[in-house]
Amino acid sequence: MPVRNLTIAMMLLVGAAAALPALAQERKKPDLAKITAAYLASPHADRSAEAFRHWDGEEDRAVPGECATCHTSRGIIDYLGADLAAVNVVDAPQPLGSTVDCVTCHNPRSMALQSVVFPSGERLDGLGHEAICSTCHQGRASGGDVDKAAAGREDDAVAGDLGFINIHYKAAAATQAGSLAAGGYQYPGKTYAGRFDHVKKEPATCLTCHNQHSLKPAAIETCAECHKGAAKYADIRSAPLDSDGDGDTTEGIAAEIAALHDRLGAAIRAYGVQVAGTPIAYDAHAFPYFFADTNGDGIAGKAEAIFPNRYQNWTPRLLKAAYNYQFVAKDGAAYVHNPRYALQLLHDSLESLGEKTTVDMTGFARP
Ligand SMILES: [Ca+2]
Ligand SMILES: [Ca+2]
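Computed from a predicted structure; not experimentally measured.

The rules behind these values
- Residues numbered from 1 in each chain as written.
- Chains lettered and ligands numbered in written order.
- Predicted model: local features only at pLDDT ≥ 70, side-chain atom pairs only at ≥ 80, totals over all residues.
- Helix = DSSP H or I, 4+ residues; strand = E, 2+ residues; numbered from the N terminus.
- Buried ≥ 20, exposed ≤ 12 C-beta atoms within 10 Å, placed from the backbone.
- Contact = placed C-beta atoms within 7 Å.
- Core = buried A, V, L, I, M, F, W, Y, C linked by C-beta atoms within 7 Å.
- Domains from an automatic or database assignment.
- Axes fitted to C-alpha atoms, helices over the stretch in contact; angles between N-to-C directions.
- Parallel < 35°, antiparallel > 145°, perpendicular 65-115°, else oblique.
- Left-handed = near helix turned anticlockwise from the far one by under 90°.
- Nonpolar A, V, L, I, M, F, W, Y, C, P; charged D, E, K, R; others polar.
- pLDDT = per-residue confidence, 0-100.
- Expected span 1.5 Å × (residues − 1).

Caption draft 1: View of the overall build of the chain. Looking only at helices and strands, the chain has 17 helices and six strands in total. Counting over 367 residues, the chain shows a buried share of 35%. Residue pairs at least 24 apart in sequence account for 60% of intrachain contacts in the chain once pairs closer than 6 positions are excluded.

Caption draft 2: Structural view of the nonpolar core. Ranked by size, the top nonpolar core spans 66 residues in total, and within it Ile257, Ile268, Leu319 and Ala342 carry the most contacts. In terms of residue count, helix α14 (residues 253-276) provides more of this core than any other element does, nine residues in total. Lining this core are residues from two domains, each supplying at least three of them: domain 1 (3-112) and domain 2 (143-277 + 313-353). The contact partners of Ala342, leaving out residues within four places of it in the chain, are Thr175, Ile257, Val328, Ala334 and Tyr335.

Caption draft 3: Geometry of unusual backbone geometry. Note the cis peptide between Phe287 and Pro288, where omega equals -5 degrees. Note that Pro288 resides in the loop between β5 (280-282) and β6 (290-292). In this structure, Leu215 is a non-glycine residue whose phi angle is positive, near 70 degrees. Positionally, Leu215 belongs in the loop between α12 (206-209) and α13 (220-224).

Caption draft 4: Up close: the packing of α14 against helix α17 (residues 339-353). Look at α14 against α17: their axes get within 9 Å of each other, and the N-to-C directions meet at 25 degrees. Considered as vectors, α14 and α17 are oriented roughly parallel to each other. Every pair of crossing elements has a handedness; the one defined by α14 and α17 is left-handed. Of α17, the residues touching α14 (which contributes Ile253, Glu256, Ile257, Leu260, His261, Arg263, Leu264, Ala267, Ile268 and Tyr271) are Pro339, Ala342, Leu343, Leu346, His347, Ser349, Leu350 and Leu353. Taken together, the residues that form the contact of α14 with α17 break down as 13 nonpolar, three polar and two charged.

Caption draft 5: Molecular detail of the environment of Tyr192. Inspection of the secondary structure puts Tyr192 in the loop between α11 (172-177) and α12. The spatial distance from the C-alpha of Tyr192 to the C-alpha of Tyr341 is 6.3 Å, given a sequence separation of 149 residues. Once residues lying within four places of it in the same chain are set aside, the contact partners of Tyr192 are Gly178, Ser179, Gln186, Tyr341 and Gln344.

Caption draft 6: Representation of the environment of Cys70. Its place among the elements puts Cys70 in helix α5 (residues 65-71). Here the alpha-carbon distance between Cys70 and Cys136, two residues 66 residues apart in the chain, equals 5.1 Å. Those residues in contact with Cys70 that sit more than four places away from it in its chain are Gly75 and Cys136.

Caption draft 7: Main features of the packing of α14 against helix α15 (residues 316-329). One way to put it is that α14 packs onto α15 with a least axis distance of 10 Å and a crossing angle of 150 degrees. Accordingly, the angle class assigned to the pair α14 and α15 is roughly antiparallel. Read as a crossing pair, α14 and α15 show a hand that is left-handed. Residue-level inspection shows Ile257, His261, Leu264, Gly265, Ile268, Tyr271 and Ala276 of α14 in contact with α15, the latter providing Leu318, Ala321, Ala322, Tyr325, Val328 and Ala329. A per-class count over the contact of α14 with α15 returns 11 nonpolar, two polar and no charged.

Caption draft 8: Seen up close, the confidence of the model for the chain. Mean pLDDT over the chain works out to 91, with 90% of the residues at or above the 70 mark. Segment residues 1-25: pLDDT under 50, and 18 contacts once partners within four positions in sequence are set aside and those in other chains are kept.

Caption draft 9: Geometry of α15. In this model α15 runs 20 Å from its N-terminal to its C-terminal C-alpha over 14 residues, within 8% of the 20 Å that 1.5 Å per residue would give. Across the 14 residues of α15, 13 count as buried, placing the element largely inside the fold.

Caption draft 10: Up close: the environment of Ala171. Relative to the helices and strands, Ala171 is located in the loop between α10 (143-150) and α11. Distance in space between the C-alpha atoms of Ala171 and Gly139 is 4.7 Å, their sequence separation being 32 residues. Contacts of Ala171, omitting those with residues within four sequence positions, involve His137, Gln138, Gly139, Gly183, Lys330 and Asp331.

Right, here's the structure in full:
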């Protein structure tokens, strides 16, 4: 470890120890070296990550307030200093070069936090320490934002002023809370799963499964105590329904979700050609994700996945389906965080596009 990082780690340690007097007294002395090593190896400590370097080139040499809550060490403290009435509001920009560190979580405001307000405006209370995680992993948009953008327009009329709406990244808390946070685009007249409690008697929180320092989920062996025979997370299944209509009700729930997600991708492309009038293609790694497929090969190639070529033939129907496609894509563990909610969003998006293009949903069971 470079000396600079070591120095920082030592500084953080001192800060954390000061914030943890009660813990230090009541329990047997926690192994700080172990905790620190676990933390330093975690993505939260990855100084090279885009999530912490993105602003390096900014002219005013700072992370702007609207991003700082989740992308700096102390932005969350500033954010929590407000009354939680407004979402993602930080007054002051924060210095470049920090990460999510000990102080982010080990300060009186974060540790006392019990509630989270989601981008939909919905508020969840009584969350315990997972409220800290959920403040950052809640996304930055909700289905309501899509409704607002689509308001007063014909479902299938191309509107040049519509743009793609992005949930943002790794919004596990929005997935987990399901309809309680309304992070997905929820079609009118349908009902959606609420929080995925997992085991009813003792509802799972972020911290039931993830170590708060290493961030690693509990080993598959732990899961396999209940999920017999699962060799990897993606093998796990308890749902009785065949969501993707392939006749297989033993494949992992992850595979049911992946199959519907693929089908939705295909339906989005068909709609682009047949209804919106311009072929559309997706690139998971290039902002803003949906591009004009100029050569019609169904793929966003290198020359196509550039901002000036962003998709501009949005209709309300397409925007809703694409929003849900990205919602599921950007939580790579949606199948663990809330499988039913993910399946419902994908199923309903397919059904909606199927009103205008051919989508074969034979055998698809909606949970
Ligand atoms: Ca199946
Ligand atoms: Ca292409």
